[in-house]
Amino acid sequence: MSKVYVFDHPLIQHKLTYIRNKETGTKEFRELVDEVAALMAYEITRDMPLQEVEVETPVAKCKSYLLAGKKIGLVPILRAGLGMVDGILKLIPAAKVGHVGLYRDPDTLEPVEYYVKLPSDIEERDFIVIDPMLATGGSAVAAIHSLKKRGASNMKLMCLIAAPEGIERVQEEHPDVDIYVASVDEKLNEKGYIVPGLGDAGDRLFGTK
Ligand code: URA
């Protein structure tokens with residue numbers, strides 16, 4: 001069973017309150033999501049392996065550390081996932097960015113892939129799949145499946161807000177993928193929105209409401 005990590009850092013929680021507020025306009029919403037994404041990137045990379053190296057300072061030689069292990073790939077789920085990419089790239093600037101686009105089939109209600117573009121060195125990377133809202137979990141499950149099918153073996157799922165229903169679905173279908181969120185909210189409503197959530201993340205990011 002995968003783990004769920006809730007980032008309770010005060011800065012993340014403070015900014016999330018403004019993100020949730022319906023009075024927050026597009027510009028500020030976008031900036032806040034960017035900032036929270038960077039803070040979450042700081043937390044999610046806590047377990048990255050290090051290697052010891054020697055460095056010569058202007059004063060003396062010393063032992064120091066550099067990141068070791070696999071390089072990182074980010075995969076935002078279109079379109080709302082895009083809103084978190086730049087924030088994460090501020091901390092992991094060398095990460096490559098793939099994209100997965102999904103739409104919901106109106107008859108089956110299942111996600112259908114319409115766009116996938118991933119880094120070519122997929123097997124050499126650890127991935128962070130990004131979707132601000134983990135609602136039913138359908139898109140996240142499909143995106144993770146899409147990456148696995150193409151050779152990705154190690155990934156984390158990063159969301160701003162998750163519904164318990166979405167967490168359960170991801171844990172059921174991908175028990176190897178840990179989930180990192182700023183909040184686990186109460187439930188989904190009959191329209192598939194997270195309650196209380198923040199509304200439609202894509203619309204609020206791109207001003208399309
Ligand atoms: N997607 C959103 O943007 N918001 C929700 O509440 C659920 C899914």
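Residues numbered from 1 in each chain as written. Predicted model: local features only at pLDDT ≥ 70, side-chain atom pairs only at ≥ 80, totals over all residues. Heavy atoms only, no water.

The condition is simple: UniProt positions are given in the numbering used here, feature names are shortened, and annotations may be inferred rather than shown by experiment.
Per an unreviewed UniProt entry, the chain goes by Uracil phosphoribosyltransferase and derives from Caldalkalibacillus uzonensis. The record held by UniProt for the chain lists under Sequence similarities (unreviewed entry) the comment "Belongs to the UPRTase family."

1. Notes on the overall build of the chain
Put simply, the rule is: Comment: elements are numbered from the N terminus, with helices defined as DSSP H or I runs of at least four residues and strands as E runs of at least two. Just to be clear, the radius of gyration here is over C-alpha atoms, and the globule rule we use is 2.2 Å times residues to the power 0.38. Using a 1.4 Å probe, accessible areas were evaluated by the Shrake-Rupley method; residue-level cover was limited to the displayed protein chains. The charge count includes Lys and Arg as positive and Asp and Glu as negative, but it does not include His or the ends of the chains. Working definition for charges: the position is that of NZ of Lys, CZ of Arg, CG of Asp or CD of Glu.
Along the chain, the regular secondary structure elements total six helices and 15 strands. Relative to the compact-globule value of 17 Å for 209 residues, the chain shows a C-alpha radius of gyration of 18 Å, a close match. Projected onto the principal axes, the alpha-carbon positions of the chain cover approximately 65 × 40 × 30 Å. Looking at the chain as shown, the accessible area adds up to about 11200 Å², and 52% of this sits on carbon and sulfur atoms. Side-chain charges of the chain comprise 26 positive and 32 negative groups, with the mean position of each set lying 3 Å from the other.

2. A few points about helix α3 (residues 82-91)
Put simply, the rule is: For every residue, the accessible area obtained with a 1.4 Å probe (protein chains only) is divided by the maximum for its type, and the residue is called buried under 20%, exposed over 50%, and partly exposed between those limits. In this description, contact between two residues means that some pair of their heavy atoms is separated by no more than 4.5 Å.
Listing the buried residues of α3 in full gives Gly83, Met84, Val85, Gly87 and Ile88. Lining the buried residues of α3 we find α2 (26-44), β4 (71-78), β5 (96-97), β8 (125-130), β10 (155-158) and α6 (201-206).

3. Here we look at the pairing of strand β12 (residues 178-181)
What counts is decided by this rule: Paired strands, as defined in this entry, are two strands with at least two bridges between them according to DSSP.
Bridging between strand β1 (residues 4-6) and β12 involves three bridges; their strand directions are parallel. Residue pairing across strands places Val6 opposite Val181, the latter belonging to β12. Of the pairings in the sheet, the one linking β10 to β12 comprises three bridges and is parallel in character. Directly across from Met158, in β12, lies its bridge partner Tyr180.

4. Let's talk about the sheet that holds strand β9 (residues 133-134)
The parallel open sheet is built from three strands, whose spatial order is β9-β11-β13. The outermost strands of the open sheet, each flanked by one partner alone, are β9 and β13 (183-184). The pairing of β9 with strand β11 (residues 161-162) spans two bridges and is parallel. Note on β11: the bridge partner recorded for Met133 is Ile161.

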